[in-house]
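# Architecture at a glance
In case you want the letters, here they are:
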Amino acid sequence: MKILISNDDGFQAPGIVALHDAIKALPGVEVEVVAPEHNNSAKSNALTLHSPLYVHQAANGFRYVNGTPADCVHIALTGLLGYRPDLVISGINNGANMGDDTIYSGTVGAAMEGYLFGIPAIAFSQTEKGWKHLDAAAAKAAELVQQLLPSVPEAQRRNEPWLLNVNVPCLPLSDIRGFKVTRLGRRHAAEPVITQVNPRGDTMYWIGSAGPACDDVEGTDFHAALQGYATITPLQVDLTDHDRLPYWAPTAVALSGGPA
């Protein structure tokens, strides 16, 4: 079983090192890392189209790219590796990717790039920044991957890949209550933009912090994580609002010259 690992915190981040070591210890797997050279948080699915990408290899064997998380997985799958991995894993991210975070997340973006190529994929994050109890998060990641490995060949054969977003509480391993399948919650709007003036008198703007959860009821990733569970949220890429297709159909007919 060949597994590609990437992330958005950069190839030197403690999270990817811990994830690599935990997954590599699983029986019957081969692991390769292709990750960003620098931190690329909140880069989502961005690809670099107007400047060249370069690949270098670190002393520990990790390969790193001067691009985004999606860049790393994209070039790995389209020529760098020379083979098609069975599974793409991203993380472990330094902080939560729950609710609306998944839209912006580079961690999820890396996993989603594998999914778009028809490969099962998982994004792993810790619910708080700072790498506290990272060993526990890596152990839970390895536990889940080992459980899912037998399902990977069938998903590949049927061309029905899955994409999972996983958030692990920052708790000792013995205090994590297990896994729960959840839906995404929602956050309030972000905090106000932060303005500063640089030494030349120009105004600088910094994106504000993410807002607090506004939909964190039972069944959401926010709720389960607060209860001490590692959350598993299946994701999809189709953004179509299928329920409202009939609502917009008369508008299209009217604009096309037909009866309203």
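Rules of the game
Residues numbered from 1 in each chain as written. Predicted model: local features only at pLDDT ≥ 70, side-chain atom pairs only at ≥ 80, totals over all residues. Heavy atoms only, no water. Helix = DSSP H or I, 4+ residues; strand = E, 2+ residues; numbered from the N terminus. Rg over C-alpha atoms; globule rule 2.2 N^0.38 Å. Contact = heavy atoms within 4.5 Å. Areas by Shrake-Rupley, 256 points an atom, 1.4 Å probe, with all protein chains shown as cover. Lys, Arg positive; Asp, Glu negative; His and termini not counted. Charge placed at Lys NZ, Arg CZ, Asp CG, Glu CD. Buried < 20%, exposed > 50% of the residue type's maximum accessible area, 1.4 Å probe, protein only. Pairing = 2+ DSSP bridges. Right-handed = clockwise from strand over helix to strand, strands pointing away. Polar contact = N/O pair within 3.5 Å; in protein donor to acceptor, adjacent residues only side chain to side chain. Phe/Tyr/Trp six-rings, centres within 6.5 Å; stacked < 30°, edge-to-face > 60°. Lys NZ or Arg CZ within 6 Å of the ring centre and 35° of its normal.

A separate point is the overall build of the protein. When you go through the protein residue by residue, the secondary structure sums to 8 helices and 13 strands. The C-alpha atoms of the protein give 20 Å as radius of gyration, which agrees with the globular expectation for 260 residues (18 Å, within 12%). Projected onto its principal axes, the C-alpha positions of the protein cover 65 × 60 × 45 Å. Taking all contacts inside the protein whose residues are at least 6 apart in sequence as the whole, residues at least 24 apart take part in 75%. Carbon and sulfur atoms make up 55% of the accessible area of the protein, which totals about 13600 Å². Side chains of the protein carry 17 positive and 26 negative charges; the gap between the two charge centres is 2 Å.

Let us now look at the pairing of strand β1 (residues 2–6). Across the 5 residues of β1, 4 count as buried, placing the element largely inside the fold. With 4 bridges connecting them, β1 and strand β2 (residues 30–36) associate as parallel partners. Within β2, the position partnered with isoleucine 5 by the bridge is valine 33. This β-α-β element, β1 to helix α1 (residues 14–24) to β2, shows right-handed connectivity.

What follows is about the environment of serine 6. With respect to the helices and strands, serine 6 occurs in strand β1. For serine 6, a relative accessible area of 1% corresponds to the buried category. Residues serine 6 and glutamine 156, 150 residues apart in the sequence, show an inter-C-alpha distance of 20 Å. Residue contacts for serine 6: discarding those within four places in its chain leaves Ile16, Val34, Ala35, Pro36, Pro69, Cys72, Val73, Ile89, Ser90, Gly91 and Ala110.

Okay, the side chain of threonine 233 next. Inspection of the secondary structure puts threonine 233 in strand β13 (residues 230–235). Within the local environment of threonine 233, its side chain forms a polar contact with the side chain of threonine 182, the two groups lying 2.9 Å apart. Beyond its immediate stretch of four places on either side in the chain, threonine 233 contacts Leu163, Leu164, Asn165, Thr182, Arg183, Leu184 and Asp221.

Attention now goes to the packing of aromatic side chains. Counted by the stated rule, this structure contains 2 aromatic pairs. An angle of 10° between the planes, with centres 4.1 Å apart, marks the rings of phenylalanine 11 and tyrosine 64 as stacked. Residue phenylalanine 11 is located in the loop between β1 and α1, and its partner tyrosine 64 is located in strand β4 (residues 63–65); the two are separated by 53 residues in the primary sequence. Relative to tryptophan 248, the ring of tyrosine 247 lies with its centre 5.0 Å away and its plane at 90°, an arrangement referred to as edge-to-face. In this arrangement the basic side chain of lysine 180 is found over the ring face of tyrosine 229, its NZ or CZ atom lying 4.6 Å from the centre.

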